[in-house]
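# Tertiary structure, described
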Amino acid sequence: MPRLKKTEAQRRAERFRELYRIGKAKTGLTDEQCASMVGVCRKTLFSAKKNPDKYISLGQMACLGKAFGWTGEEIASIVFPQK
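Residues numbered from 1 in each chain as written. Predicted model: local features only at pLDDT ≥ 70, side-chain atom pairs only at ≥ 80, totals over all residues. Heavy atoms only, no water.

## Let's talk about the packing of aromatic side chains
As enumerated under the stated definition, the model contains four aromatic pairs in all. Ring centres of F16 and W70 lie 6.3 Å apart, and the angle between their planes is 80°; on these two criteria the pair is classed as edge-to-face. Within this pair, whereas F16 is found in helix α1 (residues 8–27), its partner W70 is found in the loop between α5 (58–68) and α6 (72–79), the two being separated by 54 residues in sequence. The pair formed by F16 and W70 is uniform in burial state, with each residue classed as buried. Between F68 and W70, the ring centres sit 5.7 Å apart and the planes meet at 55°, which makes this aromatic pair tilted. Residues F68 and W70 agree in their burial class; the two are buried. Taken together, the ring pairs connect F16, Y20, F68 and W70 into an aromatic cluster. (Phe/Tyr/Trp six-rings, centres within 6.5 Å; stacked < 30°, edge-to-face > 60°. Helix = DSSP H or I, 4+ residues; strand = E, 2+ residues; numbered from the N terminus. Buried < 20%, exposed > 50% of the residue type's maximum accessible area, 1.4 Å probe, protein only.)

So this is what it looks like as structure tokens:
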């Protein structure tokens, strides 16, 4: 059986989780602090890790990016993942 290719949404979610995990480790912030920083509850933030397109806006992603020190290229890699 051939290996299934990841969808664009799966690649975006994977990249968001990776950058979120690294940023959180660098800054020492908790999930609760990150959630309140972007104005969502912790449960919504956990859902955003699985599907950032549906649960987090670009403005909220930019807010996280600023707190975590993401570059414009890193944010773009979430919004427009490479194939």
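Let's pick the thread back up.
## Digging into the nonpolar core
Core analysis: the largest hydrophobic core is formed by 15 residues, its most contacted members being F16, L64 and W70. When contributions to this core are tallied by element, the ones reaching two or more residues are α1, α2 (31–38), α3 (42–50), α5 and α6. Look past the residues within four positions of L64 in its chain and what remains in contact with it is F16, Y20, C34, M37, V38, I56 and W70. (Core = buried A, V, L, I, M, F, W, Y, C linked by side-chain atoms within 4.5 Å. Contact = heavy atoms within 4.5 Å.)

## Topic: the pattern of salt bridges
The final tally for this structure, using the stated rule, is seven salt bridges. Of the charged contacts, one joins D53 and R12 as a salt bridge, the two residues approaching to 2.6 Å between their closest N and O atoms. One end of the pair, D53, is in helix α4 (residues 52–55); the other, R12, is in helix α1, and 41 residues separate them in sequence. The class of D53 is partly exposed, set by a relative accessible area of 42%. Here R12 falls in the buried class, since its relative accessible area comes to 12%. Across the pair K49 and D31 runs a salt bridge, and its minimum N-O distance is 3.6 Å. A residue pair is termed long-range when its members are at least 10 positions apart, and K49 in helix α3 and D31 in helix α2 qualify at 18 residues. Of the two residues examined, K49 and D31, each falls in the buried class. Here the salt bridges share partners, and the residues they tie into one network are E8, R12 and D53. (Salt bridge = Lys/Arg side-chain N within 4 Å of Asp/Glu carboxyl O.)

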